[in-house]
There are 2 protein chains.
Amino acid sequence: MSSPSTPTRGRPARLDRTRTLHKALDLLNQSGLDALTMRRLADAMGVRAGALYRYFATKQDLLTAMAERMMDGVAESAAEAGEGDWSEQLTALARAMRTALLAHRDGARVYAGTHATGANVLGFADACVGVLREAGFRDDDAARALFTVANFTVGHTLEEQAALRASDGEPADPEVLREALTAGTYPHLSATLPTLTSTDFTRLFDFGLGLLVEGLRARR
Amino acid sequence: MSSPSTPTRGRPARLDRTRTLHKALDLLNQSGLDALTMRRLADAMGVRAGALYRYFATKQDLLTAMAERMMDGVAESAAEAGEGDWSEQLTALARAMRTALLAHRDGARVYAGTHATGANVLGFADACVGVLREAGFRDDDAARALFTVANFTVGHTLEEQAALRASDGEPADPEVLREALTAGTYPHLSATLPTLTSTDFTRLFDFGLGLLVEGLRARR
DNA sequence: ACCTGAACACCGTTCAAGT
DNA sequence: ACCTGAACACCGTTCAAGT
């Protein structure tokens, strides 16, 4: 449970898991996932890269801990908001997860690239399954619905954060696209272009989440 | 439309976009995304890494082209399978996309990490929106449903391929997990453990997709 | 016990120079 | 026109040695 520094013996350590994690999330927000290297993190902590490996076995281990920390308080915040029935509670949980991922630059990419199984992630999962079981859903439906909601939320937020970063520069898509659209190659995309290019991601997320909830209601 | 080698002048080129793309997908299947480097791809093509940059501006450009190629034939294969009503056709399209991503190791990760807007991806999108519009859905609902289905499919398949690769080794999760479960910390996860640890991803995908389709039916 | 120094085995990308 | 050679500016990770 604690390899480094259990008693306070010797010099006070300049590093520890909590402070390093905090700085890593800072760096993520400032520069994004691609710029988050062990060397740069070490620099920010006033230490050499090798020293980090006393606290994190690998970079993957660090990223997993970051993902877990991002989910801090998600189950709880949704519990406050969700005073209504199962559908309102599940909606609150999914929205809280999206908000947590959006709170950090590339948050969804970090989450999707790891397999965090700490108290925050498990607490969130237990809350989702709990809401559905107590509403009378079958155990297997409740469990599968958890995955559906989580996978949709991660998939959506991955896309959302990618779109945010892509729009910080070029004019969306190459001219080839708009050309093909006006040429009539994709009539249905042309017809729905305003919605397809909308940046109201909250509305888009709520639409998809609404479909899932309605689908669940029909199955209950 | 063709910077390198439009006329066949000079020595026959050892490289071209199509053959390089093919080899890149081969390498992806053999060794996975982490092992797919420009240097290794160049080696496989009998060339030095720098030469690849005459055909792909960046590695990201290569990955985008790979994602686009993975979606080859997806809209078409679903059109054959989908002879029924809108719900069957949309289901066929989503299943075909999952199958296409599963066909290559780390396929979902490649797709999620890019923003392919070639004929295959646009054709798929147009087909999805078309099915819904012709079924009488509002334009904005049809467009949003496309994103929901695509984001869910990518999110699910990302998780599925990550789980496949994780199970090629250690016994799923650390003992800490099973300990916390039996300790009663997560009663709902404990109660649904069989479904949560199931590896029947096709069933899980169909469940989520079914929820989306039922949600759409309710909105029509 | 905690961290440095230095190395190992790599990366993506660029570009003058060769053929 | 197409590719090589060589470099630039990095990576994650390991580990003997210092303090």
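Everything below is about the structure printed above this text.
Owing to the predicted nature of the structure, the values given are computational and were not obtained by experimental measurement. (Residues numbered from 1 in each chain as written. Chains lettered and ligands numbered in written order. Predicted model: local features only at pLDDT ≥ 70, side-chain atom pairs only at ≥ 80, totals over all residues. Heavy atoms only, no water.)

Caption draft 1: Looking closely at the packing of helix α12 (residues 201–219) of chain A against helix α8 (residues 139–167) of chain B. Where α12 of chain A contacts α8 of chain B, the two axes come as close as 9 Å, and the packing angle between them is 80 degrees. For the element pair α12 of chain A / α8 of chain B, the angle class is roughly perpendicular. Judged by residue contacts, Arg 203, Leu 204, Phe 207, Gly 208 and Leu 211 of chain A of α12 of chain A engage Asp 141, Arg 144, Ala 145, Phe 147 and Thr 148 of chain B from α8 of chain B. In terms of residue class, the contact of α12 of chain A with α8 of chain B is made up of five nonpolar, two polar and three charged. (Axes fitted to C-alpha atoms, helices over the stretch in contact; angles between N-to-C directions. Helix = DSSP H or I, 4+ residues; strand = E, 2+ residues; numbered from the N terminus. Parallel < 35°, antiparallel > 145°, perpendicular 65-115°, else oblique. Contact = heavy atoms within 4.5 Å. Nonpolar A, V, L, I, M, F, W, Y, C, P; charged D, E, K, R; others polar.)

Caption draft 2: How the structure looks around the pattern of salt bridges. Residues and elements named next belong to chain A. This model, assessed by the stated rule, comprises 20 salt bridges over all chains. A salt bridge links Arg 133 to Asp 139, with the shortest nitrogen-to-oxygen separation between them at 2.8 Å. By relative accessible area, which is 32% here, Asp 139 ends up partly exposed. A single salt-bridge network, built from bridges that share partners, covers Asp 34, Asp 106 and Arg 109. (Salt bridge = Lys/Arg side-chain N within 4 Å of Asp/Glu carboxyl O. Buried < 20%, exposed > 50% of the residue type's maximum accessible area, 1.4 Å probe, protein only.)

Caption draft 3: How the structure looks around the protein's contact with DNA strand C. In the vicinity of DNA strand C, 21 residues are found, and the nearest of them are Arg 14, Arg 48 and Arg 54 of chain A together with Arg 39 and Tyr 53 of chain B. Taken together, the sugar and phosphate atoms account for 57% of what DNA strand C places within 4 Å of the protein. Separating a phosphate oxygen of DNA strand C from a backbone N or O atom of Met 38 of chain B is a distance of 3.0 Å. Between a base nitrogen of DNA strand C and a side-chain N or O atom of Arg 39 of chain B, the distance comes to 2.4 Å. Sorting elements by how many residues they give to the surface near DNA strand C places helix α2 (residues 38–44) of chain B first, with three residues. Counted by class, the surface near DNA strand C contains nine nonpolar, four polar and eight charged residues. (Near = heavy atom within 4 Å. Polar contact = N/O pair within 3.5 Å; in protein donor to acceptor, adjacent residues only side chain to side chain.)

Caption draft 4: Expanded view of the relation of the copies chain A and chain B. Expressed as a screw transformation, the operator carrying chain A onto chain B has a rotation angle of 180 degrees and an axial translation of 0.0 Å, and the superposed copies differ by an RMSD of 0.0 Å. Accordingly, the operation relating the two chain copies is best matched by a two-fold axis. Comparing contact sets, 100% of the residues at the interface of chain A also lie at the interface in chain B, consistent with an isologous, same-surface contact. (Least-squares fit on C-alpha atoms with pLDDT ≥ 70 in both.)

Caption draft 5: Representation of helix α7 (residues 119–134) of chain A in the model. Residue and element names in this part refer to chain A. An ideal rise of 1.5 Å per residue puts 22 Å on 16 residues; α7 measures up with 21 Å between its terminal C-alpha atoms. The element α7 is largely enclosed, with a buried count of twelve among its 16 residues. Regarding α7, the residues found buried are Asn 120, Val 121, Leu 122, Gly 123, Phe 124, Ala 125, Asp 126, Cys 128, Val 129, Gly 130, Val 131 and Leu 132. One or two residues past the end of α7 sits Gly 136, with phi positive at roughly 100 degrees. (Expected span 1.5 Å × (residues − 1).)

Caption draft 6: Main features of the interface of chain A and chain B. Taken together, the contacts link 48 residues of chain A with 48 residues of chain B. Taken over both partners, the interface formed by chain A and chain B buries close to 4,800 Å², and the fraction arising from carbon and sulfur atoms is 69%. When residues of chain A are sorted by the area they lose upon contact with chain B, Arg 144, His 188 and Phe 207 of chain A head the list and together hold 15% of the total. Where chain A meets chain B, there are zero salt bridges. Counting the contacts that link chain A with chain B gives eight residue pairs in polar contact (both at pLDDT 80 or more). At the level of elements, α7, α8 (139–167), α10 (187–191), α11 (193–196) and α12 of chain A are the ones that each hand at least two residues to the side of chain A that touches chain B. At 16 residues, α8 of chain A tops the list of elements feeding residues into the side of chain A that touches chain B. Its residues placed into classes, the side of chain A that touches chain B shows 23 nonpolar, 13 polar and twelve charged. (Buried area = accessible area lost by both parts, 1.4 Å probe.)

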